[in-house]
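An overview of the molecular structure
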Amino acid sequence: MGQRAIYPGTFDPVTYGHIDLIKRAQEIFPEVIVAVAYNPHKKPLFSVQERVAMLKKATKNLKGIEVIEFDGLVVDYARKHKAKVLIRGLRMLSDFEYEFQMALTNRKLSADIETIFLMPHESYSYLSSKLLKEVASLGADLSSFVPDFVGKALKEKLSKL
(Lines give C-alpha, C1' and ligand atoms only; values in the text may rest on other atoms or scores of the structure.)
Protein backbone atom coordinates (compact mmCIF):
# COMPACT_ATOMS: atom_id res chain seq x y z
CA MET A 1 0.00 0.00 0.00
CA GLY A 2 2.93 2.32 0.56
CA GLN A 3 1.19 4.39 3.22
CA ARG A 4 1.81 5.36 6.78
CA ALA A 5 -0.68 4.09 9.35
CA ILE A 6 -1.33 5.17 12.91
CA TYR A 7 -2.30 2.74 15.63
CA PRO A 8 -3.63 4.97 18.42
CA GLY A 9 -4.45 3.83 21.90
CA THR A 10 -3.92 4.22 25.60
CA PHE A 11 -1.78 1.06 25.96
CA ASP A 12 -2.07 1.04 29.76
CA PRO A 13 -0.09 -1.20 29.74
CA VAL A 14 0.96 -2.73 26.44
CA THR A 15 -0.10 -6.38 26.09
CA TYR A 16 0.77 -9.21 23.74
CA GLY A 17 -2.53 -8.42 22.00
CA HIS A 18 -1.31 -4.89 21.21
CA ILE A 19 2.03 -6.24 20.02
CA ASP A 20 0.25 -8.76 17.81
CA LEU A 21 -1.76 -5.96 16.16
CA ILE A 22 1.39 -3.88 15.67
CA LYS A 23 3.02 -6.84 13.88
CA ARG A 24 -0.09 -7.37 11.73
CA ALA A 25 -0.15 -3.68 10.79
CA GLN A 26 3.57 -3.84 10.00
CA GLU A 27 2.90 -6.57 7.44
CA ILE A 28 0.48 -4.26 5.60
CA PHE A 29 2.07 -0.83 5.99
CA PRO A 30 5.73 0.12 5.59
CA GLU A 31 5.43 2.68 8.40
CA VAL A 32 3.32 2.30 11.53
CA ILE A 33 3.18 5.01 14.14
CA VAL A 34 2.03 3.71 17.50
CA ALA A 35 0.44 6.80 19.02
CA VAL A 36 0.12 6.68 22.78
CA ALA A 37 -2.76 8.87 23.95
CA TYR A 38 -2.70 10.92 27.12
CA ASN A 39 -6.44 10.26 27.54
CA PRO A 40 -6.99 11.40 31.15
CA HIS A 41 -10.64 10.27 30.89
CA LYS A 42 -9.47 6.66 31.18
CA LYS A 43 -7.37 7.48 34.28
CA PRO A 44 -4.32 5.50 33.17
CA LEU A 45 -2.20 3.73 35.76
CA PHE A 46 1.04 4.54 33.92
CA SER A 47 2.14 7.99 32.76
CA VAL A 48 2.25 8.57 29.02
CA GLN A 49 6.07 8.60 29.21
CA GLU A 50 6.09 5.20 30.94
CA ARG A 51 3.68 3.77 28.35
CA VAL A 52 5.81 5.11 25.47
CA ALA A 53 8.96 3.63 27.04
CA MET A 54 7.31 0.20 27.46
CA LEU A 55 6.05 0.21 23.86
CA LYS A 56 9.46 1.25 22.52
CA LYS A 57 11.07 -1.62 24.40
CA ALA A 58 8.38 -4.08 23.28
CA THR A 59 8.78 -3.10 19.60
CA LYS A 60 12.52 -2.42 19.47
CA ASN A 61 13.16 -5.32 17.07
CA LEU A 62 10.35 -4.40 14.66
CA LYS A 63 11.18 -2.45 11.52
CA GLY A 64 9.14 0.57 10.45
CA ILE A 65 7.61 1.16 13.88
CA GLU A 66 7.71 4.54 15.59
CA VAL A 67 6.25 5.08 19.06
CA ILE A 68 5.24 8.58 20.09
CA GLU A 69 2.79 10.26 22.43
CA PHE A 70 -0.09 12.45 21.36
CA ASP A 71 -2.87 14.55 22.77
CA GLY A 72 -6.02 15.77 21.08
CA LEU A 73 -7.95 14.42 18.12
CA VAL A 74 -6.35 11.45 16.41
CA VAL A 75 -7.46 12.70 12.98
CA ASP A 76 -5.56 15.97 13.54
CA TYR A 77 -2.54 13.96 14.59
CA ALA A 78 -2.87 11.74 11.51
CA ARG A 79 -3.11 14.73 9.20
CA LYS A 80 -0.05 16.32 10.83
CA HIS A 81 1.96 13.12 10.24
CA LYS A 82 0.60 12.58 6.71
CA ALA A 83 -1.11 9.31 7.62
CA LYS A 84 -4.27 8.29 5.78
CA VAL A 85 -5.06 5.18 7.82
CA LEU A 86 -5.97 4.54 11.44
CA ILE A 87 -5.58 1.00 12.78
CA ARG A 88 -8.01 -0.20 15.40
CA GLY A 89 -8.23 -3.57 17.05
CA LEU A 90 -11.38 -5.62 17.42
CA ARG A 91 -11.22 -8.39 19.98
CA MET A 92 -14.78 -9.39 20.64
CA LEU A 93 -18.17 -8.35 19.36
CA SER A 94 -18.44 -6.09 22.42
CA ASP A 95 -15.67 -3.87 20.95
CA PHE A 96 -17.49 -3.39 17.68
CA GLU A 97 -20.15 -0.88 18.70
CA TYR A 98 -17.68 1.51 20.35
CA GLU A 99 -15.07 1.16 17.59
CA PHE A 100 -17.67 1.60 14.84
CA GLN A 101 -19.01 4.74 16.51
CA MET A 102 -15.50 6.13 16.86
CA ALA A 103 -14.62 5.30 13.23
CA LEU A 104 -17.75 7.05 11.94
CA THR A 105 -17.05 10.09 14.11
CA ASN A 106 -13.47 10.25 12.81
CA ARG A 107 -14.77 9.93 9.25
CA LYS A 108 -17.15 12.84 9.84
CA LEU A 109 -14.27 14.92 11.25
CA SER A 110 -11.87 13.96 8.47
CA ALA A 111 -13.26 12.10 5.45
CA ASP A 112 -9.77 11.62 3.95
CA ILE A 113 -8.62 9.34 6.80
CA GLU A 114 -9.80 5.73 6.78
CA THR A 115 -10.09 3.35 9.73
CA ILE A 116 -9.03 -0.26 9.26
CA PHE A 117 -9.96 -2.88 11.82
CA LEU A 118 -7.59 -5.73 12.60
CA MET A 119 -8.27 -8.73 14.78
CA PRO A 120 -5.59 -10.12 17.07
CA HIS A 121 -4.68 -13.77 17.16
CA GLU A 122 -7.48 -15.67 18.89
CA SER A 123 -5.24 -16.40 21.87
CA TYR A 124 -5.32 -12.64 22.65
CA SER A 125 -8.94 -11.94 21.72
CA TYR A 126 -10.12 -11.81 25.34
CA LEU A 127 -7.20 -9.76 26.65
CA SER A 128 -7.67 -6.16 27.71
CA SER A 129 -5.48 -3.82 29.74
CA LYS A 130 -8.33 -3.32 32.21
CA LEU A 131 -8.71 -7.06 32.82
CA LEU A 132 -4.94 -7.43 33.02
CA LYS A 133 -4.73 -4.80 35.79
CA GLU A 134 -7.47 -6.60 37.72
CA VAL A 135 -5.79 -10.02 37.62
CA ALA A 136 -2.39 -8.47 38.33
CA SER A 137 -3.78 -6.83 41.47
CA LEU A 138 -4.81 -10.32 42.62
CA GLY A 139 -1.32 -11.73 42.08
CA ALA A 140 -1.84 -13.63 38.80
CA ASP A 141 1.06 -14.84 36.67
CA LEU A 142 1.21 -12.32 33.83
CA SER A 143 3.80 -14.05 31.64
CA SER A 144 1.30 -15.18 28.99
CA PHE A 145 -0.25 -11.70 28.72
CA VAL A 146 2.63 -9.21 28.68
CA PRO A 147 6.41 -9.12 28.26
CA ASP A 148 8.24 -9.76 31.55
CA PHE A 149 9.36 -6.13 31.95
CA VAL A 150 5.74 -4.94 31.62
CA GLY A 151 4.53 -7.48 34.19
CA LYS A 152 7.21 -6.37 36.60
CA ALA A 153 6.38 -2.67 36.10
CA LEU A 154 2.67 -3.39 36.54
CA LYS A 155 3.16 -5.28 39.79
CA GLU A 156 5.46 -2.54 41.11
CA LYS A 157 2.94 0.17 40.21
CA LEU A 158 0.05 -1.72 41.79
CA SER A 159 2.02 -2.37 44.99
CA LYS A 160 2.28 1.40 45.52
CA LEU A 161 -1.47 1.99 45.40
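Note that the structure is a prediction, hence the values are computed from the model and not measured.

To continue, consider the packing of aromatic side chains. Applying the stated rule across the entire model yields 5 aromatic pairs. Aromatic side chains F70 and Y77 sit 5.1 Å apart centroid to centroid with 35 degrees between the ring planes, which places their arrangement in the tilted category. Across this residue pair, the class does not change: F70 and Y77 are buried. Between the aromatic rings of Y126 and F145, the centroid separation amounts to 6.4 Å while the plane-to-plane angle is 80 degrees, which identifies the pairing as edge-to-face. Of this pair, Y126 sits in the loop between β5 (114–118) and α5 (129–137) while F145 sits in the loop between α5 and α6 (148–159), and the two are 19 residues apart along the sequence. Using a relative accessible area of 43% as the deciding quantity, one classes Y126 as partly exposed. One Lys or Arg, K57, reaches over the ring of F149 and ends 4.6 Å from the middle of that ring.

What follows concerns the layout of surface pockets. Here the largest pocket is characterised by a volume of approximately 1,200 Å³. Taken together, 43 residues form the lining of the largest pocket, with G9, T10, K42, R88 and Y98 sitting closest to its centre. For the lining of the largest pocket, the elements supplying multiple residues, two or more each, are β1 (4–9), α1 (16–28), β4 (85–89), α4 (93–109) and α5. No other element matches the 8 residues that α4 contributes to the lining of the largest pocket.

When strand β2 (residues 31–37) meets strand β3 (residues 65–70), the two strands line up parallel, connected through 6 bridges. For V36, the partnering residue across the bridge sits in β3 and is E69. As for the winding sense of the linkage, the β-α-β connection from β2 through helix α2 (residues 48–58) to β3 is right-handed.

For α2, the set of buried residues is V48, R51, V52, M54 and L55. Down the axis of α2, the sector holding all buried residues measures 165 degrees, keeping them to one side. The secondary structure elements touched by the buried residues of α2 are α1, β2, β3 and α6.

We now examine the confidence of the model for the protein chain. Per-residue confidence for the protein chain gives a mean pLDDT of 92; residues scoring 70 or more make up 99%. When pLDDT is averaged over each helix and strand of the protein chain, the minimum, 88, is found for α4 and the maximum, 98, for α2.

Quick look at the side chain of R88 now. Within the secondary structure, R88 sits in strand β4. The residues contacting R88, other than those within four sequence positions of it, are P8, G9, E99, M102, T115, I116, F117 and L118.

A separate point is the sheet that holds β2. Pairing within the open sheet is parallel, and its 5 strands lie in the order β3-β2-β1-β4-β5. The sheet terminates laterally at β3 and β5, the two strands that pair on one side only. Here the strands of the sheet are splayed against their neighbours by 30 degrees on average, with no regard to which way each runs.

Here E99 is to be found in helix α4. A relative accessible area of 7% places E99 in the buried class. A distance of 2.8 Å separates a polar atom in the side chain of E99 from a polar atom in the side chain of R88.

Quick notes on the rules
- Residues numbered from 1 in each chain as written.
- Predicted model: local features only at pLDDT ≥ 70, side-chain atom pairs only at ≥ 80, totals over all residues.
- Heavy atoms only, no water.
- Phe/Tyr/Trp six-rings, centres within 6.5 Å; stacked < 30°, edge-to-face > 60°.
- Buried < 20%, exposed > 50% of the residue type's maximum accessible area, 1.4 Å probe, protein only.
- Helix = DSSP H or I, 4+ residues; strand = E, 2+ residues; numbered from the N terminus.
- Lys NZ or Arg CZ within 6 Å of the ring centre and 35° of its normal.
- 1 Å grid on protein atoms, 1.4 Å probe; cavity = no way out; pocket = protein on both sides within 12 Å on 5 of 7 lines; lining within 4 Å.
- Points joined across faces, edges and corners; volume = space filled by probe spheres on them.
- Pairing = 2+ DSSP bridges.
- Right-handed = clockwise from strand over helix to strand, strands pointing away.
- Arc of directions from axis to C-beta.
- Contact = heavy atoms within 4.5 Å.
- pLDDT = per-residue confidence, 0-100.
- Axes fitted to C-alpha atoms, helices over the stretch in contact; angles between N-to-C directions.
- Polar contact = N/O pair within 3.5 Å; in protein donor to acceptor, adjacent residues only side chain to side chain.

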